[in-house]
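One-letter residues, chain by chain:
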Amino acid sequence: SRTCLDCGVGTFSGGGGALCTNCPDTFTTVAPAASNLSDCVSYSSLGVIAHWELSEAHIIRDSSSHYTRMMRNDERCREQYPIDMSPTMIRDSAGGVGPARLQGPLCRQGTEWDTPGGNQMSAE
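Since the structure is predicted, the reported quantities are computational estimates derived from the model, not experimental observations.

Student: Outline unusual backbone geometry, supporting the account with residue identities and numerical values.
Tutor: Of note, the amide linkage connecting serine 86 to proline 87 takes the cis form, showing an omega dihedral of -10 degrees. Secondary-structure assignment places proline 87 in the loop between β9 (83-85) and β10 (89-90). In the Ramachandran plot, threonine 26 falls in the positive-phi region, its phi being about 70 degrees despite a non-glycine side chain. Residue position: threonine 26 is located in the loop between β2 (19-22) and β3 (27-29).

Student: So what's going on with the side chain of arginine 108? Residues and values would help.
Tutor: Within the element layout of this structure, arginine 108 appears in the segment after β11 (100-101). In terms of polar contacts, arginine 108 uses its side chain to reach the backbone carbonyl oxygen of tryptophan 113, at 2.9 Å. Leave out the neighbours within four places in its chain, and arginine 108 touches Arg69, Met71, Cys77, Glu79, Tyr81, Pro82, Ile83, Trp113, Asp114, Thr115 and Gln120.

Student: Now, about the pattern of salt bridges: what can you tell me, with residues and values included?
Tutor: For the structure shown, the criterion picks out seven salt bridges. Note that arginine 91 and aspartate 25 form a salt bridge whose closest N and O atoms lie 3.5 Å from each other. Within this pair, whereas arginine 91 is found in the loop between β10 and β11, its partner aspartate 25 is found in the loop between β2 and β3, the two being separated by 66 residues in sequence. Given a relative accessible area of 30%, arginine 91 falls into the partly exposed group. Judged by relative accessible area, which is 59%, aspartate 25 ranks as exposed. The partner of glutamate 79 in a salt bridge is arginine 108, with the nearest N and O atoms 3.1 Å apart. With a gap of 29 residues between them, glutamate 79 in the loop between β8 (77-78) and β9 and arginine 108 in the segment after β11 connect regions that are remote in the sequence.

Rules used throughout
Residues numbered from 1 in each chain as written. Predicted model: local features only at pLDDT ≥ 70, side-chain atom pairs only at ≥ 80, totals over all residues. Heavy atoms only, no water. Helix = DSSP H or I, 4+ residues; strand = E, 2+ residues; numbered from the N terminus. Polar contact = N/O pair within 3.5 Å; in protein donor to acceptor, adjacent residues only side chain to side chain. Contact = heavy atoms within 4.5 Å. Salt bridge = Lys/Arg side-chain N within 4 Å of Asp/Glu carboxyl O. Buried < 20%, exposed > 50% of the residue type's maximum accessible area, 1.4 Å probe, protein only.

Structure, rendered in structure tokens:
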């Protein structure tokens, strides 16, 4: 009897069960031990319009994944540093809405988000 490798969501075991292969873009798996490409189903057929997988493999690492804004300095918020973060975007695996962007809180005063450039939060 053949044993299927449990590859995780969005992948199936291929190559005789020894390798994990990703489903095509905008497709995922629903079976815990998917064994071939036919086990991949489209997100839209499941009624899913957006799916952001918070993992290293789904981080967008190009110039569009960079976010900056000046520091706030008003009566409600006194930040010490401007925001300059990269990478900040996670791919929408379902393809319906687009990437999610990390921008941080509206006011970073007194939080770990208010740090000098090079030490700021990112999607990594």
